[in-house]
Amino acid sequence: MPTYQAPVNDFKFLLHDFIDLQRFSNLPGFEEATPDLVDAILEEGAKFFEEQLQPLNVVGDREGCTRHEDGSVTTPTGFKEAYQAYVEGGWGSLTADPEYGGQGLPHVVGFALSEMASSANMAFAMYPGLTHGCYEALHQWGTDEQKQAYLPKLITGEWTGTMNLTEPHCGTDLGLMRTKAEPQDDGSYAISGQKIFISAGEHDMSENIIHLVLAKIPGGPDGIKGVSLFIVPKFLLDENGDPGERNGVVCGSIEEKMGIHGNATCVLNYDNAKGFLIGDKHKGMRAMFTMMNAARLGVGIQGLSQASVAYQNAVTYANDRLQGRSLTGTKEVDKPADPLMVHPDIRRMLMKQKAFVEGSRALALYTGLMIDFAEKHPDPDERQKADDYAAFITPVVKAYLTDMGFECTVDAMQVYGGHGFITEWGMEQFVRDARITQIYEGANGIQALDLVGRKLPEGMGRLMRRFFHPVDAFIKDNAGDSEMADFVMPLAKAFARLQSVTADLGQKMMKNPDEAGAASTDYLRMVALVALGHMWGQIALKANAKLAEGGDVNRAFYENKLATARFYMARILPDVHAHAAKAASGADNLMSVDAAVFEVA
């Protein structure tokens, strides 16, 4: 059976040394995030997720959710009780607005807890994760009355939330949706239609479910410009604000799917359900994108989380499993074979996972910090810079962390050999659960198009420069430090290649839009590799400084950071150059091929 140990020490290093939260104690919410409080949250969170959620991960996978004849759904054994403990522990309120009952702590701290929860039990963590996205959308776009009615219970977790976009005939192209919202005399709307793939769409863990539903008001503009967003609660609120009359929304079925069996992925049927407009008519995508962007970062963290827990188990197996002898001579003379860990290719897979997990964790937390700055920094210019950085890096975090998260779970399973393919070892569940992260909340090809087609040219390259400038500054600031040469020089070469491809791609895109699509995935990978290189460079800088301090510093921890950073620079970052060659090859080798070529002969 798989196990999970939350990487508390790594989170402490990243929050206290790498990010140094105390530097920002003058910002709202940060003044409360003292080292002692942050450490207590990390330690208690680790204990809760390891003891309460992780044991239910296999249970949820094997049992799944059950739909009953009346449309109600029960979650796997233990989920309801664990969710009640989650609510009572206040875990869902950490970063929410204190005006509505939240604790107001920085998002960067919340991101750390989000990774722990998903590593322990991804299917379970989706219930509160979607609720937080619902909270974010209502917090930004709801009326004062709507906020007072829904936010306090969403923050506590007494009520959960969903997002309803996809329909049987449309996923990415939401302008094709058919769900209608008929205006009613009382100012509400009658919502009718069908939504599919609705995570946490129906369950038995909360007393109400608040659905955010995209629908079209008749007579509005065609396509995406005619989409509006509505609050559609499972139970309408009575005069006291409590769940009352059942609304016209029911679970028609639960999707049979590859993974995340513990989460109820529902087909929801709306039959004149009462809904309430959020924001302006026909401006629903603007409001829904608030939830979607939060969800995309959350999904990126999900990809990272599955790689993290799979890696932990693979390391344990590689140390315990005896297979073959070392190429350089027997290492365990008193045993019939040496452990897997002596073999170079096993170490290659494990180091790849370690470098990805720890570098991506740093990038995720740094992105969380930028979101905090965008919301709370007193300087408008700094808020804009942080918002630009977060906007630029969001599709990268979503796509790269999930692509590589899945790849790392596959590598972790490979370490087990045949046992990895067997259910009882638990590795194949990580592979199955990780796979969805590349698809939902905008498939990764769409994220790449968003980066190249929207984020890259936005503001005449303003968003791009918010990412480029810190990387350039880091390289220049540390170019003369001999101890940093192993980290700065490879990053400088990769960054120069990225800049060159960016300039070339910009010219090509203006002549032929297909050039953007053809290069987009390789370009996103280049940005991601440089972003992680930047993270590893800064981690190496901090590690060197800590080792120079001497004293009772944990030398092994920082030396391991330096070793992993060197591996990343030598073995992973050079992929930038391969992606650059592919991106530069142009669109003709894709688009000039006749469609008949793809047909089976």
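Residues numbered from 1 in each chain as written. Predicted model: local features only at pLDDT ≥ 70, side-chain atom pairs only at ≥ 80, totals over all residues. Heavy atoms only, no water.

Draft legend 1. Examining the overall build of the protein chain more closely. Along the protein chain, the regular secondary structure elements total 17 helices and 11 strands. Compactness check: the protein chain gives a C-alpha radius of gyration of 24 Å against a globular reference of 25 Å for 601 residues, within 12% of the reference. Relative to its 601 residues, the protein chain shows a buried fraction of 56%. In the protein chain, 54 side chains carry a positive charge and 79 a negative one; their mean positions are 6 Å apart. (Helix = DSSP H or I, 4+ residues; strand = E, 2+ residues; numbered from the N terminus. Rg over C-alpha atoms; globule rule 2.2 N^0.38 Å. Buried < 20%, exposed > 50% of the residue type's maximum accessible area, 1.4 Å probe, protein only. Lys, Arg positive; Asp, Glu negative; His and termini not counted. Charge placed at Lys NZ, Arg CZ, Asp CG, Glu CD.)

Draft legend 2. Geometry of the packing of aromatic side chains. Using the criterion set out here, one finds 24 aromatic pairs in the structure. Between tyrosine 389 and phenylalanine 467, the ring centres sit 6.3 Å apart and the planes meet at 40°, which makes this aromatic pair tilted. Here tyrosine 389, found in helix H9 (residues 380-415), pairs with phenylalanine 467, found in helix H12 (residues 462-478); they are 78 residues apart in sequence, far enough to count as distant. The exposure classification of tyrosine 389 matches that of phenylalanine 467, with both residues buried. One aromatic cluster is present, formed by Phe48, Phe49, Phe79, Tyr83, Tyr86, Trp91 and Phe124 through successive ring pairs. The lysine or arginine in question, arginine 246, covers the ring of phenylalanine 235, its NZ or CZ lying 5.5 Å from the ring centre. Its guanidinium or amino end placed over the ring of phenylalanine 11, arginine 361 lies 5.2 Å from that ring's centre, counting from NZ or CZ. (Phe/Tyr/Trp six-rings, centres within 6.5 Å; stacked < 30°, edge-to-face > 60°. Lys NZ or Arg CZ within 6 Å of the ring centre and 35° of its normal.)

Draft legend 3. Quick peek at the nonpolar core. Membership of the largest hydrophobic core comes to 192 residues, with the highest contact counts inside it found for Leu113, Met116, Phe467 and Tyr523. Among the elements that take part in this core, helix H14 (residues 514-549) stands out by supplying 17 residues, more than any other. Among all residues touching methionine 116, those that are not within four sequence positions of it are Tyr4, Ala6, Val8, Phe11, Leu42, Gly45, Ala46 and Phe49. Ranked by size, the runner-up nonpolar core spans 6 residues in total, among them Met122, Ile260, Val299 and Tyr440. (Core = buried A, V, L, I, M, F, W, Y, C linked by side-chain atoms within 4.5 Å. Contact = heavy atoms within 4.5 Å.)

Draft legend 4. Region of the structure containing the packing of helix H5 (residues 107-141) against helix H6 (residues 144-156). Contact pair H5 / H6: the axes reach a minimum separation of 10 Å and the direction vectors enclose 155°. The orientation of H5 with respect to H6, classified from their angle, is roughly antiparallel. Read as a crossing pair, H5 and H6 show a hand that is left-handed. Contacts from Thr131, Cys134, Tyr135, Leu138 and His139 in H5 reach Lys147, Tyr150, Leu151, Leu154 and Ile155 in H6. Considered class by class, the residues forming the contact of H5 with H6 number 7 nonpolar, 2 polar and 1 charged. (Axes fitted to C-alpha atoms, helices over the stretch in contact; angles between N-to-C directions. Parallel < 35°, antiparallel > 145°, perpendicular 65-115°, else oblique. Left-handed = near helix turned anticlockwise from the far one by under 90°. Nonpolar A, V, L, I, M, F, W, Y, C, P; charged D, E, K, R; others polar.)

Draft legend 5. Region of interest: the packing of helix H3 (residues 55-63) against helix H10 (residues 427-435). Remark: H3 packs on H10, axes separated minimally by 11 Å, with the N-to-C direction vectors making an angle of 70°. Classified by the angle their axes make, H3 and H10 are roughly perpendicular. Contacts between H3 and H10 involve Asn57, Val58 and Asp61 from the first element and Gln429, Phe430, Arg432 and Asp433 from the second. Looking at the contact of H3 with H10 residue by residue, the classes come out as 2 nonpolar, 2 polar and 3 charged.

Draft legend 6. Main features of the pairing of strand E4 (residues 180-183). Here 4 bridges tie E4 to strand E5 (residues 189-199), and the two strands are oriented antiparallel to one another. Directly across from glutamate 182, in E5, lies its bridge partner alanine 190. Where E4 hands over to E5, the hairpin turn is made up of 5 residues, of which glycine 187 adopts a positive phi near 95°. (Pairing = 2+ DSSP bridges.)

Draft legend 7. Structural view of unusual backbone geometry. Non-glycine residue alanine 200 carries a positive phi angle of around 60°. Within the fold, alanine 200 resides in the loop between E5 and strand E6 (208-216). Phi is positive for isoleucine 260, close to 40°, though the residue is something other than glycine. Given a relative accessible area of 5%, isoleucine 260 falls into the buried group.

Draft legend 8. Layout of the pairing of strand E11 (residues 265-278). With 8 bridges connecting them, E5 and E11 associate as antiparallel partners. Within E11, the position partnered with glutamine 194 by the bridge is asparagine 269. Examined bridge by bridge, strand E7 (residues 227-233) and E11 share 3 bridges and lie antiparallel to one another. Counterpart to isoleucine 231 in the pairing with E11 is phenylalanine 276. Pairing of strand E10 (residues 249-254) with E11, which is carried by 5 bridges, proceeds in the antiparallel orientation. Residue pairing for E11: valine 249 is matched across the bridge by tyrosine 270.

Draft legend 9. Molecular detail of the side chain of threonine 162. As for its position among the elements, threonine 162 is in strand E3 (residues 159-164). For threonine 162, a relative accessible area of 0% gives the class buried. A distance of 2.8 Å separates polar atoms of two side chains, one belonging to threonine 162 and the other to histidine 211. Here threonine 162 is in contact with Cys134, Ile198, Ser199, Ala200, Gly201, Ile209, Ile210, His211, Leu212 and Met291, once residues within four sequence places are set aside. (Polar contact = N/O pair within 3.5 Å; in protein donor to acceptor, adjacent residues only side chain to side chain.)

Draft legend 10. Just helix H8 (residues 344-376), in detail. The first and last C-alpha atoms of H8 sit 47 Å apart over 33 residues, in line with the 48 Å expected at 1.5 Å per residue. Most of H8 sits out of view: 26 of its 33 residues are buried. (Expected span 1.5 Å × (residues − 1).)

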